[in-house]
Each structure stands twice: as structure tokens, then as C-alpha cells.
Amino acid sequence: MGQTDVLLKEHTFEVEALADKEFVAFIDSVSPNNQFIMIGEQHGIKEAGTVTNAIFDLVHKDGFNTLCIETDALAARKIKEMASSKEPLTLAKNLHQKFPFAIPFYNNVSDYDLFLNIISKGGDIWGIDQTFMAQFRLNFEHLSNNTANPSLKKMTDELKEKAKKAYESSVKNKSFKDMFISQYTKGLHDSLLATKPNPEETEILTQFEKTKEIYGYYYSKDYYKNNNVRGELMKSNFNVYYKKALETNSTPKVIFKLGATHATRGLSMMQIYDVSNYVSELAAFNDMRSLHFMVAGLNGTVLEGNPFAEIPIRDFDNTKQLPEELQEVVTDFNKKYVVIHLEPFREKAYGKNFSENLKKFIFNFDALVLVNNAEALIPF
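Below you will find a few notes about this structure. (Residues numbered from 1 in each chain as written. Predicted model: local features only at pLDDT ≥ 70, side-chain atom pairs only at ≥ 80, totals over all residues. Heavy atoms only, no water.)

### Examining the pairing of strand 10 (residues 367-371)
And then number 1: For strand 10, a buried count of five out of five residues is recorded, marking the element as mostly surrounded by other parts of the structure.
And then number 2: Residue alternation in strand 10 divides its side chains into two sets, A367, V369 and V371 and L368 and L370, and both sets are buried.
And then number 3: Note that strand 6 (residues 289-297) and strand 10 share five bridges and pair parallel. Each bridged residue has a counterpart across the sheet, and for G297 the counterpart in strand 10 is V371.
And then number 4: The sheet contact formed by strand 9 (residues 337-341) and strand 10 spans five bridges and is antiparallel. Its bridge partner being in strand 10, V339 is matched across the sheet by V369. (Buried < 20%, exposed > 50% of the residue type's maximum accessible area, 1.4 Å probe, protein only. Helix = DSSP H or I, 4+ residues; strand = E, 2+ residues; numbered from the N terminus. Pairing = 2+ DSSP bridges.)

Shown next, in the form of C-alpha cells:
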């Protein structure tokens, strides 16, 4: 066995359940002085929510009371309202049936286990991402139902119907470009602003304009701008919540549950300095730390992110996607969760001790949680 294998095995363990004492002891050992904890997930597997929930329970005593997720602020508010109700799952299922795919990633029972736990402990839910393209229907209806502005209501009454028809066309033609976002022009945006919406309404419209820009970069294949502008938006949206939280807490503590590309310290997989790096530096400014996890399945089943996929749930095996050193190590483990503490390797990561692929993991994340026989999320 080589030196690299020995080092990896020294800092790797497996558990069948996250309540096992070895996992609890590990979280306790890496928890002190953290202001932010990033859970970077493989989308579409149940265990990402399970891990987040387990970590939240273990660090709640240290002042972590807020979950930050990959939605816009309005969607996060809707989720919090539903999770705070007497019939949360009924409301969530009804919303999903009325507006399919308006809130991606969180349209399933497993994530509501997490949301209910957060709310039951008096916690909060922040949403810092862009408004998703299938969400225009939901946001227009919210504006229509809640505005006291007759001009804005008249416009949003009409627009929510157009957005609904656009979504139906999108599903029929299996085309993202048929969604209403394609009809959201600068002229329409300016017309909505001309109704003189209040600050909260203006913010919803501003997020429409920003998401139109972000998706525009994607469709023009300007992928750097697509990712970078989205990352900058996440930082800006996070700041709104954070500044408000500072009014009552000098160092608000937050757990993030985001796609793994948004959870890296340093230069991300998308070659940008994402919100995760931003909060890492913010924690340092406050003489604290951030802790970055990646949670991914080794194998199992996953829910496809594409709503038009003919087979929404598919089998996968990520083993060959791992750095070669990790491929060799994980074959010796067969329990549900394999945890690899990466931070101790950094002092040895210069030179040729590790492959370049493994070095990226070592510097981007503090720990990997790899899942055997991952289970696909099942939408409502």
C-alpha cells in the first residue's frame, strides 16, 4: 500500500447511519468556530437532505439556525410558509401540482423533512439564487394576489395566464425556449416598472430581469458570464439577508444546501469565485471559519434535473468520476456513508503526492460524504 493510500485511509471512515458515534464525533471535531457550513450536493438524491438534516441537528446547539437554499427569495418564503403550516406536505404538493417545476430541487418529501426540522427549531430559510425559468407563473400569481396596485394587478393577471400557456407549450414541445422567460423583454419589464410597484414588488421584477440576463448568456453559450453573473447575484442576494440578520446578531451562522459547484472554497469547478468562497472570506474577516462538504452518491439512482426526460429516474455509478486515489480507497468500504476528511491533506498537497484531480477536491472541500446505493428523490 502506497503512502497516499495510507494517508487517505487514516482520514476515512464509514458508517451505516449518521447517528453513529463516529460521524457525530467527526462533526463535533470540525465544528468549533465555524460561521458557515456548506453542504454541496449531487442534485436528485435523498441522502443530500438527510446529511444536511443530520449536520443541522448536530450544530444547532452552536447557534446555527438558518438554512440557505438554491431558490430565489420568494420561493424560499413560500417554502417557509408551507413548512410553518398545519398541513405542510398538503400545501407543498398542491403548489407543485399547480406550478410543476416552479421550485426545482425541493419538490419532494425528503427535503420537507429538513424544512420541517428547521422550522420546528425556530429557524429561518433564505433563498439566494436566481428566479428559475419555470417560476414566472408562480411569481406573477403572487404579485397578482398580493398587490394593492391596480395597474400592476391588471398586468400580472394577464401575464400569469400567458406564462401558464407558455409553460404548457414548453412541456408539449419539450423545449425550454418556449417558456415565458423568452417573452420577458426589456419593454415588458419597463412597462411593469412604470406601474410604480412598491419596493418588494420591484425586487421581484428586478430578479426577473436578472434571470433573463443569466439564461441569455447560457443560450448564447457564454458559459463564463452565465456562471459568474449568477454567482454575483447569489452574493448580492445573500447580502440582503445577512445585513438584516446583523441587526440582531454580530455573526449570523448559516448552513447552505446548494449544488456542489456552488459550495467550493476558492476557484470553483465553473472557474468562478462563487458565493461559497465569498462567505469563506467573510467568516475569516469575523475571525471564524467556514466548513465545506461535498455529498455525492457513489452509485444508486438519481432524479434527472431535466423535467422533459423520458425516464426521470436513472441508475448511476460515479466511481469512475472520482480521482484515481479515491477510486482505490472506496472499494474497501461497503456501509451506507463513506466520509473522507480532506483538510489534513493540504500540507502534503504540494508537489506530486496527489493527482491534480484529487488536489482540486482537497482545496475545494474540507470533507467528502460519499453514499453507497443512493436513492433518487421522488417528486410530489
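Having seen the model, we can carry on.
### Considerations on helix 9 (residues 186-193)
Working note: α-helix, 3.6 residues per turn, so residues spaced by three or four point in the same direction.
And then number 1: Of the residues making up helix 9, those classed as buried are L188, H189 and L192. End-on, the buried residues of helix 9 take up no more than an arc of 100°, which puts them together on one face.
And then number 2: Next to the buried residues of helix 9 lie helix 8 (150-173) and helix 10 (199-219). (Arc of directions from axis to C-beta. Contact = heavy atoms within 4.5 Å.)

### Here's the deal with helix 14 (residues 356-364)
And then number 1: When we look at burial in helix 14, the residues that qualify are L358, K359, F361, I362 and N364.
And then number 2: Buried positions along helix 14 lie against strand 6, helix 13 (324-330) and strand 10.

### Examining the environment of L267
And then number 1: You can see L267 is positioned in the loop between strand 5 (254-259) and helix 12 (275-285).
And then number 2: Remark: the alpha-carbon pair of L267 and N277, spanning 10 residues in sequence, is separated by 7.7 Å.
And then number 3: Look past the residues within four positions of L267 in its chain and what remains in contact with it is I272, Y273 and N364.

### As for the pattern of salt bridges
When the charged atoms of two side chains with opposite charge come close together, those side chains can pair.
And then number 1: Tallying each qualifying case throughout the model produces 26 salt bridges.
And then number 2: Two residues, K98 and E141, come together in a salt bridge whose shortest N-O distance is 2.7 Å. Here K98 is found in helix 5 (residues 88-98), whereas its partner E141 is found in helix 7 (residues 136-146), with 43 residues between them in sequence.
And then number 3: According to the relative accessible area criterion, E141 is buried, its value standing at 17%.
And then number 4: Notably, a salt bridge pairs R289 with E343, separated by 2.8 Å at the nearest N-O pair. Note that R289 is positioned in strand 6 and E343 in the loop between strand 9 and helix 14, a separation of 54 residues in sequence.
And then number 5: Given a relative accessible area of 28%, R289 falls into the partly exposed group. (Salt bridge = Lys/Arg side-chain N within 4 Å of Asp/Glu carboxyl O.)

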